[in-house]
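Here is how the chains run, residue by residue.
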Amino acid sequence: MALTSRCSYRSAPFTRAHDPLGVVNAYRLVKRHHDVRLVLVGIGDGEAERHELLTQLLEAAHEDPDLVVLELPAEAHRQINALQRAATIVLQKSVRSAYDLWPIEAMWKGKPVWAATRAGSRTDHPGRDGLHGPLGPRAPPSASATLLNNPELIARMGAAGREHVRRSFLITRHLVDELALVVHLTR
């Protein structure tokens, strides 16, 4: 989920493990105090569980013009890129999974990312920079409200997230690690 002052984005499969209904509930809590929009983007594959969740999400979206549910094919990279760039805040809310790739993509685009999981986080989770981080399952509304009330914090978190991705996930970091290993082994 991504919340922006006007637009938000969340991309993950429509499965209970990614808790899209919990994301909708968090959005509704934030919407009480802020003019926000939520865009839920998921990949549907016709599986019964996903179809049931998609039906529930579409019913919720039918009642709220600021809640958009999109089912895109896995190859919709341009659309997902555009949605990530339009988002102000990205939220990963997973019940059973740890950290996915799409929040890292959003961080690279300078978007603040809050991760709310019940599952443990991997050691390369963005929480190490003190700005992004794992939240309890009830924290996304308050974290989003805090950010929406502090635009300078949004910019600071976005910059810190981009730097974290640059240092931790890009191939250049892996090349430096490999070169350091070669230097160490040749001594």
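Keep in mind it's a predicted model, so treat the numbers as computed, not measured.

Asker: So what exactly am I meant to see when it comes to the overall build of the protein here?
Answerer: Counting secondary structure elements, the protein contains 7 helices and 7 strands. If you list the helices and strands of the protein from N to C, you get β-β-α-β-α-β-α-β-α-β-β-α-α-α. Residues classed as buried in the protein amount to 48% of the 187 residues present. Pairs at least 24 residues apart make up 67% of the contacts formed inside the protein by residues separated by at least 6 positions.

Asker: Please explain the pattern of salt bridges as it appears in this structure.
Answerer: Two side chains carrying opposite charge are able to pair once their charged atoms lie near each other. Evaluated as defined, the whole model comprises 4 salt bridges. Measuring nitrogen to oxygen at the nearest pair gives 2.9 Å for the salt bridge that ties Arg173 to Asp177. In this pair, Arg173 and Asp177 are both assigned in helix H7 (residues 171-186), 4 residues apart and thus about one turn of the helix distant. Linked by salt bridges that have partners in common, Glu163, Arg166 and Arg167 make up one network.

Asker: Sorry if this is basic, but what is going on with the nonpolar core here?
Answerer: A general trend in soluble globular proteins is that nonpolar side chains are found buried together. Core analysis: the largest hydrophobic core is formed by 23 residues, its most contacted members being Val24, Leu38, Leu40, Leu67, Val69, Trp114 and Leu147. Elements represented by at least two residues in this core include exactly helix H1 (20-31), strand S3 (37-42), helix H2 (48-63), strand S4 (67-71), strand S5 (89-94), helix H5 (140-149) and helix H6 (151-168). Setting aside anything within four residues of it in sequence, one finds Leu67 in contact with Val24, Tyr27, Leu38, Leu40, Ala60 and Ala61. If you look at the next biggest cluster of nonpolar residues, it comprises 8 residues, including Val90, Ile104, Met107 and Val165.

Asker: Would you mind showing me how to read the environment of Ala26 here?
Answerer: Within the secondary structure, Ala26 sits in helix H1. For Ala26, a relative accessible area of 4% translates into the label buried. A C-alpha to C-alpha distance of 9.8 Å links Ala26 and Lys93, two positions 67 residues apart in sequence.

Asker: I would appreciate a short explanation of the pairing of S3 in the present structure.
Answerer: Of all 6 residues that make up S3, 5 are buried, and the element is covered over most of its length. Of the strand pairs in this sheet, S3 and S4 are connected by 5 bridges, and their pairing is parallel. If you follow Val41 over to S4, its bridge partner there is Leu70.

Asker: So what exactly am I meant to see when it comes to the environment of Gly158 here?
Answerer: Tracing the backbone through its elements, the reader meets Gly158 in helix H6. On a C-alpha basis, the gap between Gly158 and Thr88 in space is 9.2 Å, while along the polypeptide they are 70 residues apart. Among residues more than four places away in sequence, those in contact with Gly158 are Met107, Gly110, Lys111 and Pro112.

Procedures and definitions
- Residues numbered from 1 in each chain as written.
- Predicted model: local features only at pLDDT ≥ 70, side-chain atom pairs only at ≥ 80, totals over all residues.
- Heavy atoms only, no water.
- Helix = DSSP H or I, 4+ residues; strand = E, 2+ residues; numbered from the N terminus.
- Buried < 20%, exposed > 50% of the residue type's maximum accessible area, 1.4 Å probe, protein only.
- Contact = heavy atoms within 4.5 Å.
- Salt bridge = Lys/Arg side-chain N within 4 Å of Asp/Glu carboxyl O.
- Core = buried A, V, L, I, M, F, W, Y, C linked by side-chain atoms within 4.5 Å.
- Pairing = 2+ DSSP bridges.

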